[in-house]
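# Residue-level structure breakdown
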Amino acid sequence: MDLPLPHRPAPLRWLAEAPVSAAIVAAEVLYQALVAWRLGDATTVGVLVRAGALERSRVWSGEWWRLASAIFLHVGWIHLAWNAAFGLGWCRVVERSIGAARFLGLYLAAGIAASAVSLAVQDVPSAGASGALFGMVGAALALHRRRLGSWRLFARSGATRQVVLSLAIWTAVVVGAHLPVDHAAHAGGLVAGAVGAWLLTRSPPRSARPWLAATAAL
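What comes next concerns the included structure. (Residues numbered from 1 in each chain as written. Predicted model: local features only at pLDDT ≥ 70, side-chain atom pairs only at ≥ 80, totals over all residues. Heavy atoms only, no water.)

### Observations regarding the overall build of the chain
From N to C terminus, the chain includes twelve helices and zero strands. What you see in the chain, going N to C, is helices and strands ordered as α-α-α-α-α-α-α-α-α-α-α-α. Working note: accessible area of the chain is about 11,400 Å², and carbon and sulfur atoms make up 68% of it. Computing the positive centroid from 19 side-chain charges and the negative centroid from 9, the chain places the two 13 Å apart. (Helix = DSSP H or I, 4+ residues; strand = E, 2+ residues; numbered from the N terminus. Areas by Shrake-Rupley, 256 points an atom, 1.4 Å probe, with all protein chains shown as cover. Lys, Arg positive; Asp, Glu negative; His and termini not counted. Charge placed at Lys NZ, Arg CZ, Asp CG, Glu CD.)

### Focus: the pattern of salt bridges
Under the defined criterion, the tally for this structure stands at one salt bridge. Arg66 serves as the salt-bridge partner of Glu63, at 2.6 Å between the closest nitrogen and oxygen. (Salt bridge = Lys/Arg side-chain N within 4 Å of Asp/Glu carboxyl O.)

### Some thoughts on a nonpolar patch on the surface
There is a patch of nonpolar side chains on the surface, built from Leu165, Ile169 and Val173 and spanning about 280 Å² of accessible area. Its place among the elements puts Leu165 in helix α10 (residues 158-176). You can call Leu165 exposed: its relative accessible area is 52%. (Patch = residues over 30% accessible without salt bridge, like charges linked within 9 Å, V, L, I, M, F, W, Y side chains within 5 Å. Buried < 20%, exposed > 50% of the residue type's maximum accessible area, 1.4 Å probe, protein only.)

### Some remarks on the environment of Gly87
On the secondary structure map, Gly87 appears in helix α6 (residues 77-98). Classification of Gly87 as buried rests on a relative accessible area of 1%. C-alpha separation for the pair Gly87 and Val137, spaced 50 residues apart in sequence, amounts to 8.4 Å.

### Comments concerning helix α2 (residues 19-38)
Over its 20 residues, α2 extends 28 Å from the first C-alpha to the last, a length consistent with the 28 Å expected when each residue adds 1.5 Å. Considered for burial, the residues of α2 that qualify are Val20, Ser21, Ala22, Ile24, Val25, Glu28, Gln32 and Val35. Immediately beyond the C-terminal end of α2, within one or two residues, lies Gly40, with a positive phi of roughly 115°. (Expected span 1.5 Å × (residues − 1).)

### Comments concerning the packing of aromatic side chains
Counting across every chain of the model gives six aromatic pairs. Summarising the aromatic geometry, the rings of Phe86 and Phe134 are spaced 5.5 Å apart at their centres and angled 35° between planes, so their arrangement reads as tilted. Placement of the pair is Phe86 in helix α6 and Phe134 in helix α8 (residues 130-148), with a sequence separation of 48 residues. Considering the side-chain rings of Phe103 and Tyr107, the 5.9 Å spacing of their centres and the 45° angle between planes classify their relative orientation as tilted. With Phe103 and Tyr107 both in helix α7 (residues 100-121), this residue pair falls four residues apart, about one helical turn. Judged by its relative accessible area of 0%, Phe103 is buried. Judged by relative accessible area, which is 1%, Tyr107 ranks as buried. (Phe/Tyr/Trp six-rings, centres within 6.5 Å; stacked < 30°, edge-to-face > 60°.)

So far we have only geometry, and geometry alone does not tell us how the molecule works.
Pasting the structure below:
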């Protein structure tokens, strides 16, 4: 079975197939509008930190909610539009595969894991949903491996190679151009999404030990 790569269905069909994905984007748009209205330009560091961006000293001082709030905050409207264009298709693939409730839990877990890795690796304010969205790419790859049934078939899959090559090219471009991208969050989200999707789709009987290990790691 091939990996269902993202595509663009009709808007109404898209909403019916992935209502939680649509609701997440709507929440991000509303949050961005609220920040612009109440605080000002969200491309400035001061406004981002006031609005809930990930900032190490504030998290260590007790503002742990920033691990989650940073997922829904973006560095301006262009950043939000870019993430929506990149991530909506992947969100739809995962939501259709595992269901709305499990998708929401996995999305939030991948986003928080991405924030945690970013916090541990760098001391720069960060915001955006890209860590959670990379988690959905990781989840889609894990689901693809689950369907194929073996690592050999997974490695030989054209869809697997296409996704891995695209990620490698994208990373090389942003690194070469010195774009302000949170690679730590992307890596953390990718791994967390893949692990979470793999655990969610295990065949019964299911032991609690893998979940305990994943929770301890987070």
